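# Per-entry structural report
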Amino acid sequence: GAGVSQSPSNKVTEKGKDVELRCDPISGHTALYWYRQSLGQGLEFLIYFQGNSAPDKSGLPSDRFSAERTGGSVSTLTIQRTQQEDSAVYLCASSLRVGLTLTPDTQYFGPGTRLTVL
Amino acid sequence: KQEVTQIPAALSVPEGENLVLNCSFTDSAIYNLQWFRQDPGKGLTSLLLIQSSQREQTSGRLNASLDKSSGRSTLYIAASQPGDSATYLCAGGGSQGNLIFGKGTKLSVKP
């Protein structure tokens, strides 16, 4: 079946502009995660959605970052007033939550969006 | 705060060798431990997931172990092939499923 898809695959923007990154999770997956991978850095958790619950925003680096998930499916990550340090690959992942305790299951990643802020 | 460390940062081996990649984590209260591979310019591919109640998982030539008490996981690759060349990432999963990643081991398998 179809995997996680992200768009655009590449985005070049000027410092100070806003950008929106889109993620389509695997159908039926209730959990959705955003990460970013900066050059020379490891993968960094940004935000997590589970069903209709309030998102876990604990990883967002500043208030310029926000995300929403409409209808429990597609998610958009928005970065306002972009800075050069925002340049990175932004990865989205989705997973099932299994069992009565909603145990986290395997995360499946999309190909990422490479953001370059000039 | 959970921290994940991977050693070595890079590894080069001849084809056919068995090898071990190491991962350590500081907080033993993880819900799972997941291993991924990342090919240049591509996303992550999940290899193995070990739930906190498990000790190991196997898939083909790959075997991953988890020792929560010592804060360690290893990924064993048998009979390595040039196609195994990639960066291997381990990640510890929290209660909400968010993953804390190590910086990876870049593996090169030479024919």
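Anyway, here's the lowdown on the structure attached to this text. (Residues numbered from 1 in each chain as written. Chains lettered and ligands numbered in written order. Predicted model: local features only at pLDDT ≥ 70, side-chain atom pairs only at ≥ 80, totals over all residues. Heavy atoms only, no water.)

### Quick word on the side chain of asparagine 98 of chain B
Here asparagine 98 of chain B lies in the loop between β9 (86-93) and β10 (99-101). Excluding residues within four positions of it along the chain, asparagine 98 of chain B makes contact with Tyr33, Tyr35, Phe45 and Gln107 of chain A together with Gly92 and Gly93 of chain B. (Helix = DSSP H or I, 4+ residues; strand = E, 2+ residues; numbered from the N terminus. Contact = heavy atoms within 4.5 Å.)

### As for the sheet that holds strand β1 (residues 4-7) of chain B
Residue and element names in this part refer to chain B. Read across the open sheet, the five strands follow the order β1-β3-β8-β7-β6; overall the sheet is antiparallel. Looking at strand neighbours, the two that pair on one side only are β1 and β6 (56-59), the edges of this open sheet. Taken over all neighbouring pairs, the strand axes of this sheet differ in orientation by 15 degrees on average, direction set aside. Where strand β3 (residues 19-25) and strand β8 (residues 72-77) come together, six bridges link them in antiparallel fashion. Each residue of the ladder has a partner; that of leucine 21, found in β8, is leucine 75. (Pairing = 2+ DSSP bridges. Axes fitted to C-alpha atoms, helices over the stretch in contact; angles between N-to-C directions.)

### Quick look at the state of the cysteines
Residue and element names in this part refer to chain A. With the rule as written, the count across this model stands at two disulfides over all chains. Covalently, cysteine 23 is tied to cysteine 92 through a disulfide, its sulfur atoms 1.8 Å apart. Sign of the S-S torsion, about -60 degrees for the bond between cysteine 23 and cysteine 92, identifies this disulfide as left-handed. Taken together, the residues span a long stretch of sequence, with cysteine 23 in strand β3 (residues 19-24) and cysteine 92 in strand β8 (residues 88-95) at a distance of 69 residues. (Disulfide = S-S within 2.5 Å.)

### Side note on the interface of chain B and chain A
Counting residues at the interface gives 20 residues for chain B, matched by 20 residues for chain A. Looking only at chain B, the three residues that lose the most surface to chain A are Leu44, Gln96 and Phe101 of chain B, adding up to 28% of its buried area. Inspection of the chain B/chain A interface yields zero salt bridges. Breaking the side of chain B that touches chain A down by element, the ones donating at least two residues are β4 (32-38), β5 (44-51) and β10 of chain B. Across the side of chain B that touches chain A, the residue classes break down as seven nonpolar, 11 polar and two charged. (Buried area = accessible area lost by both parts, 1.4 Å probe. Salt bridge = Lys/Arg side-chain N within 4 Å of Asp/Glu carboxyl O. Nonpolar A, V, L, I, M, F, W, Y, C, P; charged D, E, K, R; others polar.)

### Description of the nonpolar core
Core analysis: the largest hydrophobic core is formed by 22 residues, its most contacted members being Leu33, Trp35, Leu75, Ile77, Tyr88 and Leu107 of chain B. Elements represented by at least two residues in this core include exactly β3, β4, β5, β7 (62-67), β8, β9 and β11 (105-110) of chain B. For this core, the leading source of residues is β3 of chain B, giving four residues. With 20 residues, the next largest nonpolar core counts Leu32, Leu46, Leu60 and Phe65 of chain A among its residues. (Core = buried A, V, L, I, M, F, W, Y, C linked by side-chain atoms within 4.5 Å. Buried < 20%, exposed > 50% of the residue type's maximum accessible area, 1.4 Å probe, protein only.)

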